[in-house]
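Commentary on secondary and tertiary structure
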Amino acid sequence: MSARAIAILLLVFVAACPVLAQETSRLIVLTHDSFAMTEEVLAAFEADSGVSVEILRSGDAGQMVNQAILSKNNPLGDLLYGVDNTFLSRALAAEIFAPYESPALKFVGEGFLPDESFRVTPINFGDVCLNYDIAFFEENELELPGSLSDLTKAEYRGLLVAENPATSSPGLAFLLATIAAFGADGEYTYLDYWQDLDENDLLVVDGWTDAYYGEFMVTGRDSGTRPMVVSYASSPPAEVYYSEDPDAGAITGAIVGDNMCFRQVEYVGILAGAANEEAARQFVDFMLSPAFQEDLPLNMFVFPVREDVMLPAVFAEHAMIPENPALVKPAEIEANREDWIQAWMEVMLR
Amino acid sequence: MMRRARELWIAVFLLPLAFLGLFYVYPLLSIFDVSLRPAGFLDLSAFVRLLSSDYYIGTLLFTVYQAALSTAVTLLLATPCAFVFARYQFRGKTLLLSLATLPFVLPTVVVALAFATLLGVNGLLNDLLTTMSSLEYQPIQLERSLAMIIIAHVFYNFAVALRIMTSYWSSLGFRVEEAARCLGADELSLWRDIRLPLIRPAMLSAGLLVFIFSFTSFGVILILGGIRFATLEVQIYYQAVNMFNLPLAAALSLVQILSMLFMMMLYTSTQKRLQLALDSSAAVAKRPRTLLERLCLSLCVALMAILLFSPLLALVLRSILVAGQLDFANFASLVEKSRGSLLFIAPIEAIFNSLRFALIAMFTALCLGLIASYMIERRGRLSRLLDPLFMLPLATSAVTLGFGFIIALDEPPLNLRASWLIIPISHALVALPFVIRSVLPSLRAIPPSLREAAQTLGAKPIDSLLTIELPLLGRGLAVGAIFAFTVSMGEFGASLFVAQRESVTIPVVIYRLLGDPGFASYRQSLAMSVLLMLVCAGGFVIIERLRIAGVGEF
């Protein structure tokens, strides 16, 4: 009988006791939970470099950055990939990165570099833009809005669903686009604009999924009532790619007019105090290599920062890249993010 | 020899405390330390800001208000049903009771999907109503309303209240009631003078538990309620993640934990009154005979069907109906690894991961919970504090605790922050209170004389535990096991935390599919949600069977 009790005890111990950390030579990449890449592409890197790579996803982008800052004295991994320009300043200010200038940066446009310090390396970007239901606009013979201001006009009344900037990353990006367009001071600020949007029957929901699948109307699909949504410029090709009949063509479109979109750039940085800095550098180079850059679009529906790599057919055909996205500097975002969102909440949620 | 045995027992008794200390208190203290003493000295300005702002006071008031409302509605619906379940025997009762627990396990993403497919503007119900009555507009406009939050909370917590009250009522028996009936009492006075006063301790206990769950609700509020409704828990997440305002998040967490500690103490003191008398739990349920009895029973089953199963049914229908045609393609695609993408395993593999974690978490929580129940039952001065203490993991924001793990468990031999073990550990932490709550009543019902008699007859404590007490605790342990299992199956936050290949669970797959663009992956996520429901339902049925085969209804 007591043997059984001891067995129970042992099992409790086994369940409660930690595994001892193993010492092997490996590279740990911290990333957010939307990370995806093709297995063979990574396997090829591992075979070439002799480094075994472990991917550690740690929540959404905000959670990931916060964790990296909290653990900076004893970093969780060697690299942090997926910090974007809306969170970048927080990470830079906390000094969690060790600088590295990759030779492959020569293939990347200068506009993507946040500063001269090379603490982070740009990898990919995506634009947050309005998406619309093509059939609805055709049937109602409605023109597409040519600027953000147009959205307050009567003909677009009740057509738009957007995300809460406090809880959603595209929501924050769109808020920043309105701040770039209307400013935070002056006669007519972004808050006045949002108030006008609200009076034009704007719907705000908390997350992208809820907005896109719950509220966005796509003709022929049985959900949603609003033919315009704040989403990504890459959503229309994604719609085509994942649709049951990819040859039928696009059913949604993105509006990429000047200053109507906000560009999110994602960076990778080597964590200061990384256990395997040499391998981390190799991985940064690899992320800028054509193999990884070409693999990005269909895995995460973002665009590679290198312009010289091939885009998949569905992107080349259906994706639109805004020529002049709205710009707000990372430092300015970090300094004002809380105030901007708080002010937005006070206007929109009361 | 005696002495070594004694030391062994003390070591055993310390296990749950060590577990709680290591994986709850220590990480929490670490994160509070970092948040409130950023410059090496205590900085309480966050509290000042908290207490001097109408905004945060408003958040607190709203949190209390919606929790109270959810509790009232849940009790109003669950009390009559509990009576019917305790009083009457009918076919499929056990199955119905198990299935009623199903909503409790489902991740909020799934529940939000289910409610949207049923009650949304373009949901099934609106479709039905507009076709039947040729209305021009959709009559049901619940989206992003307080009503939607309350409905979802009732949906989640109904089974908890039902189980607590049914088991108490069954153990009370109906002798008093029958005596009163003989003396000529009518239905109304039976409810007023006999049933409600008798069930009150269980009602209070269940009510407090529902209140506690609704108070800390996060996903439901965020997804179904929309932006105007911020509870403390939502605010903590927002301050910690979006604002990285850790001092304020810590201050809010402390407010939440202290209010919870207070409510847990209330709750555990009400629980003590729920002592079951062992002998009266003999078969008290009877078959419904009169028309009225049958009517009550049907009403109760109908209520549960509408409240608990119609959203789930809507989800199932949406996952297999494509433009009005039956189509199982979504399910077929789940077994293949459709994308060559790293970390995107065939969804079917996630089921095995989920089952593995759920079993480890269940086993850990059962062992620790059993020991902890014995500790609490000893009734020292300590036990009054221990009981609410073990409940606290329920009241702690997952994000706060997660950040605590990152900075506390970061060095060997406790370098757990990137290990999959953190998943079953955190599941066990949350499941522990459920096991204790299920075991304690049965434990308190064992008369001390039984143990004493066994000892007089020469049984060692371990023999008396294994041959007498454990079988008597069987029912409580089985219920605890169900809860532990389901909590783990549906848990989401911790599972997302360390996402390696071997740790991708069903809720994580659903979440990822939902985040992928394209309508096909949306429909796949519906199929996956249905699978999660089936796996959980299967788990319930198996555990219920084991219970009946192994222990019987004693």
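Residues numbered from 1 in each chain as written. Chains lettered and ligands numbered in written order. Predicted model: local features only at pLDDT ≥ 70, side-chain atom pairs only at ≥ 80, totals over all residues.

1. Description of the overall build of chain B
This is how it is decided: Working definition: helices are DSSP H or I runs of at least four residues, strands are E runs of at least two. Numbering for both runs from the N terminus. The burial criterion counts other C-beta atoms lying within 10 Å of a residue's C-beta, which is placed from the backbone; the residue is buried at 20 or more, exposed at 12 or fewer, and partly exposed between these limits. Residues are scored as being in contact if the C-beta atoms we place from backbone atoms lie within 7 Å.
Per the secondary structure count, chain B includes 24 helices and two strands. Classification of the 554 residues of chain B by burial places 49% in the buried group. Residue pairs in contact within chain B that sit at least 24 positions apart in sequence constitute 81% of those at least 6 positions apart.

2. Thoughts on the nonpolar core
Here is the rule we go by: What makes a nonpolar core is a set of buried Ala, Val, Leu, Ile, Met, Phe, Trp, Tyr and Cys residues, with links drawn between C-beta atoms within 7 Å. Segmentation into domains, and thus their bounds, comes from an automatic or database assignment.
Within the largest apolar cluster, 267 residues are counted, with the highest numbers of intra-cluster contacts made by B:Met165, B:Ala431 and B:Ala484. Residue contributions to this core peak at 18 residues, all from helix H8 (residues 146-172) of chain B. Residue contributions to this core reach at least three from each of two domains, namely domain 1 (22-125 + 265-318) and domain 2 (126-262 + 322-348) of chain A. Excluding residues that lie within four positions of it along the chain, B:Met165 makes contacts with B:Ala78, B:Thr79, B:Ala82, B:Ile199, B:Ala202, B:Met203 and B:Ala206.

3. Remarks on the environment of A:Gly207
Residues and elements named next belong to chain A. Checked against the element boundaries, Gly-207 lands in the loop between strand E7 (203-205) and helix H8 (208-215). By C-beta crowding, Gly-207 is classed as buried, having 22 other C-beta atoms within 10 Å. Taking the C-alpha atoms as reference points, Gly-207 and Val-256, 49 residues apart in sequence, are found 22 Å from one another. Discounting chain neighbours no more than four positions away, the residues touching Gly-207 are Glu-163, Thr-167 and Ser-168.

4. Things to note about the environment of A:Gly253
All names here are of chain A. As for its position among the elements, Gly-253 is in strand E9 (residues 252-255). Residue class for Gly-253 comes out buried when judged on the 20 C-beta atoms lying within 10 Å of it. Spatially, the C-alpha atom of Gly-253 lies 22 Å from that of Val-265, the residues being twelve residues apart in sequence. Filtering out sequence-adjacent residues up to four positions away, Gly-253 remains in contact with Asn-131, Tyr-132, Ile-134 and Pro-236.

5. Looking at the domain arrangement of chain A
In many analyses, interface size is given as the accessible surface area lost on bringing the parts together. Residue and element names in this part refer to chain A. As a reminder, the rule being used: Under the grouping applied here, Gly and all other residues not named as nonpolar or charged are polar, the nonpolar ones being Ala, Val, Leu, Ile, Met, Phe, Trp, Tyr, Cys and Pro and the charged ones Asp, Glu, Lys and Arg.
Considered domain by domain, chain A is made up of domain 1 (22-125 + 265-318) and domain 2 (126-262 + 322-348). The gap between the C-alpha centroids of domain 1 and domain 2 is 28 Å. Of all the secondary structure elements, the ones that give two or more residues to the side of domain 1 that touches domain 2 are helix H4 (88-93) and helix H12 (313-318). Across the side of domain 1 that touches domain 2, the residue classes break down as eleven nonpolar, four polar and one charged.

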